[in-house]
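Chain residues, written in single-letter form:
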Amino acid sequence: KLAALLASLAMGYVLPGEFVLRHLAEARDGLPLVNLSVEGSVTFLGEAMEARFQIKLPGRCRLEVVGRDGAKSAVVSSFGKKRVEGMELPVMSAALEQVCQALAIRSANEGESRAALEKHLRALGVDPKTTSLARMAGQVAFVLGEAAEKKPQLWVYKDGFQPARVRFIDGGGSVWDVKLVDYSS
């Protein structure tokens, strides 16, 4: 029994999901941003593309990608309403929805921000009361939701409380895994 107790202590203290969401909402709402533009590469289904992600706070997001053939596609979300420019790629819509919910929705009241995040997670099937720890990209993350592989989850980096990963299953049964890495660059 002592060995099991020591092993569980070595894993580290796991915050309850309510506190993880509160810290995530506070970190997001505390960002001194109005506009943000990130350029880089994005990988969809094994194919890397040049991408630009833009946020205009509160609540407006745009993801634009350029394929190998030079064709451009964009998905825009403005306060939950979606618009597509060019060819619609379902994977872009799913990625944009998750990133926009995680980063671009703000509220003047911490309780409202946390409640909106929790509502979004419950719609994805994530149980925000179940928490554990895991590693992603060499960093420790809180995992909200069942710890089993391919179960709906939200991962939040322990240092900084930034969203790291969202896994969910859509209405058609497809499993989605949206990862957010390399905040430092």
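Because the structure is predicted, anything quoted here is derived from the model rather than measured.

1. Remarks on the sheet that holds strand β6 (residues 131–136)
Then, number 1: Strand order across the open sheet formed by 5 strands is β6-β7-β8-β9-β10, with antiparallel pairing between neighbours. The sheet is open, and its two edges are formed by β6 and β10 (175–179), each paired on a single side. If you compare each strand with its neighbour and ignore which way they point, the axes differ by 20 degrees on average.
Then, number 2: The pairing of strand β9 (residues 163–169) with β10 spans 5 bridges and is antiparallel. Bridge pairing in β10 places R165 opposite K179.

2. Some points on the sheet that holds strand β2 (residues 47–56)
Strand pairing in a sheet relies on backbone hydrogen bonds. The paired strands run either parallel or antiparallel.
Then, number 1: Pairing in this open sheet of 5 strands is antiparallel, and the strands run β1-β2-β3-β4-β5 from one edge to the other. With one partner strand each, in any of the chains shown, β1 (35–44) and β5 (81–85) form the two edges of the open sheet. Put simply, the sheet's adjacent strands are angled 15 degrees from each other on average, direction ignored.
Then, number 2: Direction of pairing for strand β4 (residues 72–78) relative to β5: antiparallel, over a ladder of 5 bridges. Bridge pairing links A74 to E85 in β5.

3. Concerning the pairing of strand β7 (residues 139–144)
Then, number 1: With 6 bridges joining them, β6 and β7 adopt antiparallel strand pairing. Bridge assignment links T131 to a residue of β7, and that residue is L144.
Then, number 2: The antiparallel pairing of β6 with β7 creates a hairpin that spans 2 residues between the two strands, and A137 there sits at a positive phi of about 55 degrees.
Then, number 3: In this sheet, strand β8 (residues 153–157) lies alongside β7 in antiparallel orientation, the contact comprising 4 bridges. By the bridge assignment, F142 is partnered in β8 with V156.

4. A few points about the pattern of salt bridges
Then, number 1: Scanning all chains against the criterion turns up 8 salt bridges.
Then, number 2: Its salt-bridge partner being R62, residue E64 comes within 2.9 Å of it at the nearest N-O pair.
Then, number 3: E64 gets classed as buried once you look at its relative accessible area, which sits at 16%.
Then, number 4: Residue E85 pairs with R62 through a salt bridge whose shortest N-O separation is 2.8 Å. Taken together, the positions of E85 in strand β5 and R62 in strand β3 (residues 60–66) put the pair 23 residues apart, joining distant regions of the chain.
Then, number 5: Within this structure, R62, E64, R83 and E85 form a network of salt bridges that share partners.

Rules used in this analysis
- Numbering of residues begins from 1 in every chain and follows the order in which that chain's sequence is written.
- Two thresholds apply to this predicted model, a pLDDT of at least 70 for residue-level local features and 80 or more for giving and counting side-chain atom pairs, whereas whole-chain, interface and lining totals are computed over all residues.
- The basis for the side-chain values is all heavy atoms of the structure; hydrogens and waters are excluded.
- Here, strands pair whenever DSSP counts at least two bridges between them.
- Numbering goes from the N terminus for both helices and strands, where a helix is a DSSP run of H or I of at least four residues and a strand is a run of E of at least two.
- Comment: axis = line fitted to C-alpha atoms, over the contacting stretch for helices; angle = value between 0 and 180 degrees taken between N-to-C directions.
- The rule for a salt bridge is simple: a side-chain nitrogen of Lys or Arg has to be within 4 Å of a carboxyl oxygen of Asp or Glu.
- Using a 1.4 Å probe on the protein chains alone, a residue whose accessible area is under 20% of its type maximum counts as buried, one over 50% counts as exposed, and one in between counts as partly exposed.

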